[in-house]
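# Remarks on the overall topology
Next come the chains, spelled out residue by residue.
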Amino acid sequence: MGLNVFNTLSRSVEPFVPLDPDGKKVGIYCCGPTVHDFAHIGNFRTFVFADVVRRYLTFRGFNVNHVMNITDVEDKIIRRVNESGKSLSEYTNEFEKAFFKDLKTLGCLMPDEQPHATKFIGPIIKLIKKLEKNGIAYSTGDGSVYFSIEKYRKAGNQYGQLLNLNLDEMRPGERVSNDEYEKESVADFALWKSRVPEDGEVFWNSPWGEGRPGWHIECSAMSMELLGPSFDLHLGGEDLVFPHHEDEIAQSEGACMHSNGKKFVKYWMHGAHLLVEGKKMSKSLGNFFTLRDLLAKGFDGREVRYLMISAHYRETFNFTLDNLEGAKTAMSRIDECTAKLHELTLGQTAEPVNDSPLISGFTEAMDNDLNVSAAWAAVFDWVRDTNRKLTSSGLDSAAAATELANWEQINSVLGIKSREAKAPAEILVLAEQRQAARKAKDFARSDQIRDELANQGWIIEDTPNGPRVKRG
RNA sequence: GGCGGGGUAGCCAAGUGGUAAGGCAGGGCUCUGCAAAAGCUCUAUCGCCGGUUCGAUUCCGGCCCUCGCCUCCA
């Protein structure tokens, strides 16, 4: 059995078969961050999810090209740029840098490509022109260009592929901004927005005059430019299903007339949101964590990562500090186990065994629409089993090396960085002094040294093979 | 109002038509000079009410609660 994923297009779990005739190459596009501020952990849940998808596809032997865009021009950014007095790039660079730093802290691999909206103005304009030529875009008197859903439909296309849309029942217009009054229909959306005074110095020249791209067009332009008019997998948060992704489909299929049977995107996957302490994250509730907030509380990126991928991606997940505390314990159990294995291998290495309970259990779980919860169960079953063998000394160095290789194999997907720390010489000296005191049955002295070590952040354990020092 | 998710032990969270994984927390035990680590062990009948069935947490209907999208949003 191979990988199966839930496709939002069909609302069902389908076998994953790439477009590539050789079944090897996979193109992934993930809607990245809008760099107007520090991203919060809710945003990162989606990016960590995308990272796991990308890693699992690689684990499954696919040759993945992972594209994640940076939206570096948009209403909120423009407003803040003008408030800050900085230039657009000065302003967005800061948050983009922070974003990638956080992404790395969370153990995510760098996407293969990170296109920026502002670097794709040319392709964006080209795309809008195509839409105009196909008769489904119209410009208004002020130099803006809109997408006509009606004309798109009349040309034989379907609007509403990702969700059941009933345009008559929708409640449009609650926040339709004044500058869009020239739209032919409320559901139409902007492809190009003409320059207004509030835009300051943020504008580009176009056939329609000075202005800037609308919100959805950049993703259509960048994804098709980098992955082709038809690609395998598009990811994003569930809130993007409508209107963003639906509009992306409309723009892309409308421009390229995918009506020859090929779809813009074969599989759409959407990650559910994060709740914090049972509630939706919001600034007014004060439950709005950024990664740096959590690091400041003494947590590690990997603990946050573990928590984020401990639940299925399609379920809203309740993120709590208590559970983050628990993640710490769970992670150190894995560390403990792998560190002991490492000591046993004596430098020996081995090949992973694919039909081992760990790898087969993990793979079976992940093949089923990335059931990470079940995958973790396989991991912790393995930890317990391995610990049992370790206590009964049922592992020689070759066996230990194999177990370690198996773990590393699946950890190429989970992406949990191990925390290994070699104790400095002075710590080891103290540990030896303590051992000498113990041999002399001077337990007052040995306990005193143990406290001293603890003060310096080191924990000492007495094992049948002698004392072990580890980071506290 | 329309559309779509959820409600499983103290907390988080999988799953199945035949009495329920895993993690964290808690209790007991083993090991230990004491600890730590590790192991063993204990702790749920699956929101409520009906129905189908030999049998439902899992299928169907109704109800309650909750979350999200429909408007910038991961």
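A quick note: this is a predicted structure, and the numbers were derived from the prediction, not measured.

On to the overall build of chain A, then. When helices and strands are tallied, chain A shows 15 helices and 15 strands. Along the three orthogonal principal directions, the C-alpha set of chain A runs to about 95 × 50 × 35 Å. Residues classed as buried in chain A amount to 38% of the 472 residues present.

Right, let's get into the sheet that holds strand β7 (residues 189-194). Sheets are built from strands that pair by backbone hydrogen bonding, the pairs being arranged parallel or antiparallel. The antiparallel open sheet is built from four strands, whose spatial order is β5-β6-β7-β8. Pairing within the sheet leaves two strands with one partner each, and these edge strands are β5 (137-139) and β8 (211-213). Sheet twist, expressed as the mean angle between neighbouring strand axes with direction ignored, is 20 degrees. Looking at chain direction, β5 and strand β6 (residues 145-147) are connected through three bridges and run antiparallel. Paired with Ser-139 across the two strands is Val-145, which belongs to β6.

On to helix α12 (residues 372-391). An ideal rise of 1.5 Å per residue puts 28 Å on 20 residues; α12 measures up with 28 Å between its terminal C-alpha atoms. Where α12 is concerned, the buried positions are Val-372, Ala-375, Ala-378, Val-379, Trp-382 and Thr-386. Looking straight down α12, one finds its buried side chains confined to an arc of 110 degrees; they lie on one side. Summarising the geometry of α12, the exposed residues directed more than 90 degrees from the buried face are Arg-384, Arg-388 and Thr-391. Of the residues trailing α12, Ser-393 is marked for its positive phi of about 50 degrees.

Residues Val-48, Val-53, Ile-128, Phe-147 and Leu-191 are the most contacted members of the largest nonpolar core, which totals 111 residues. At 10 residues, the largest contribution of residues to this core is made by helix α1 (residues 41-59). Mapping this core onto the domain boundaries places at least three of its residues in each of domain 1 (17-271) and domain 2 (276-414). Not counting residues within four places of it along the chain, the set of residues in contact with Val-48 comprises Leu-106, Cys-108, Arg-305, Met-308 and Ile-309.

Our next topic: the domain arrangement of chain A. Domains assigned within chain A are domain 1 (17-271), domain 2 (276-414) and domain 3 (425-471). The C-alpha-based centres of domain 2 and domain 3 are spaced at 29 Å.

Around RNA strand B lies a shell of 66 residues, among which Gly-42, Gly-237, Lys-280, Gly-326 and Asn-387 are the nearest. The set of elements that each furnish at least two residues to the surface near RNA strand B consists of α1, β9 (231-237), α7 (241-256), β13 (317-319), α10 (321-345), α12, α15 (443-455) and β14 (458-463). Classifying every residue of the surface near RNA strand B gives 20 nonpolar, 25 polar and 21 charged.

We now examine the pairing of strand β2 (residues 12-15). Here strand β1 (residues 4-7) runs beside β2; their pairing, made up of four bridges, is antiparallel. Its bridge partner being in β2, Asn-7 is matched across the sheet by Ser-12.

As a packed pair, helix α4 (residues 121-133) and α7 sit with axes 8 Å apart at the nearest point and diverge in direction by 65 degrees. Between α4 and α7, the crossing angle belongs to the class labelled roughly perpendicular. Classified by chirality, the crossing of α7 by α4 is left-handed. Side by side, α4 and α7 meet where Leu-127, Lys-130 and Leu-131 of the first sit next to Gln-251, Gly-254 and Ala-255 of the second. Of the residues assigned to the contact of α4 with α7, the class counts are three nonpolar, two polar and one charged.

We now examine the pairing of strand β4 (residues 63-68). Examined bridge by bridge, strand β3 (residues 25-30) and β4 share six bridges and lie parallel to one another. Its bridge partner being in β4, Tyr-29 is matched across the sheet by Val-67. Chirality of the crossover, the property in question, places the unit of β3, α1 and β4 among those that are right-handed.

Time to look at the sheet that holds β13. Strand order across the open sheet formed by three strands is β12-β11-β13, with mixed pairing between neighbours. Because the sheet does not close on itself, it has two edges, and the strands there are β12 (279-280) and β13. Across two bridges, strand β11 (residues 274-276) lies against β12 in antiparallel orientation. Looking at β12, one finds that Val-276 is bridged to Lys-279.

A few words now on unusual backbone geometry. Glycine aside, a negative phi is what most residues show, and trans is what most peptide bonds show. Of note, the amide linkage connecting Phe-242 to Pro-243 takes the cis form, showing an omega dihedral of 0 degrees. Here Pro-243 is to be found in helix α7. At Leu-370, a position not held by glycine, the phi torsion is positive, near 55 degrees. Mapped onto the fold, Leu-370 is located in the loop between α11 (357-367) and α12. Exposure remark for Leu-370: the 24 C-beta atoms within 10 Å place this residue in the buried category.

With respect to the helices and strands, the residue Ala-421 is situated in the loop between α13 (397-414) and α14 (425-439). Classification of Ala-421 by C-beta neighbours within 10 Å gives exposed; the count is 12. Taking C-alpha positions, Ala-421 is 6.6 Å from Arg-471, a pair spaced 50 residues apart along the chain.

Moving on: α11. Of all the residues in α11, the buried ones are Leu-358, Ile-359, Phe-362, Thr-363 and Met-366. Considered in projection along α11, the buried side chains sweep an arc of 115 degrees and stay on one side of the axis. In this structure, the buried residues of α11 make contact with α1, α12 and α13. Looking at the residues trailing α11, positive phi occurs at Asp-369, about 50 degrees.

Following the sequence through the fold, Arg-195 ends up in the loop between β7 and β8. Take Arg-195: there are 19 C-beta atoms within 10 Å of it, and that puts it in the partly exposed class. Sequence separation of Arg-195 and Pro-357 is 162 residues, and the distance between their C-alpha atoms is 61 Å.

Calculation criteria
- Residues numbered from 1 in each chain as written.
- Chains lettered and ligands numbered in written order.
- Predicted model: local features only at pLDDT ≥ 70, side-chain atom pairs only at ≥ 80, totals over all residues.
- Helix = DSSP H or I, 4+ residues; strand = E, 2+ residues; numbered from the N terminus.
- Buried ≥ 20, exposed ≤ 12 C-beta atoms within 10 Å, placed from the backbone.
- Pairing = 2+ DSSP bridges.
- Axes fitted to C-alpha atoms, helices over the stretch in contact; angles between N-to-C directions.
- Expected span 1.5 Å × (residues − 1).
- Arc of directions from axis to C-beta.
- Core = buried A, V, L, I, M, F, W, Y, C linked by C-beta atoms within 7 Å.
- Domains from an automatic or database assignment.
- Contact = placed C-beta atoms within 7 Å.
- Near = placed C-beta within 6 Å.
- Nonpolar A, V, L, I, M, F, W, Y, C, P; charged D, E, K, R; others polar.
- Parallel < 35°, antiparallel > 145°, perpendicular 65-115°, else oblique.
- Left-handed = near helix turned anticlockwise from the far one by under 90°.
- Right-handed = clockwise from strand over helix to strand, strands pointing away.

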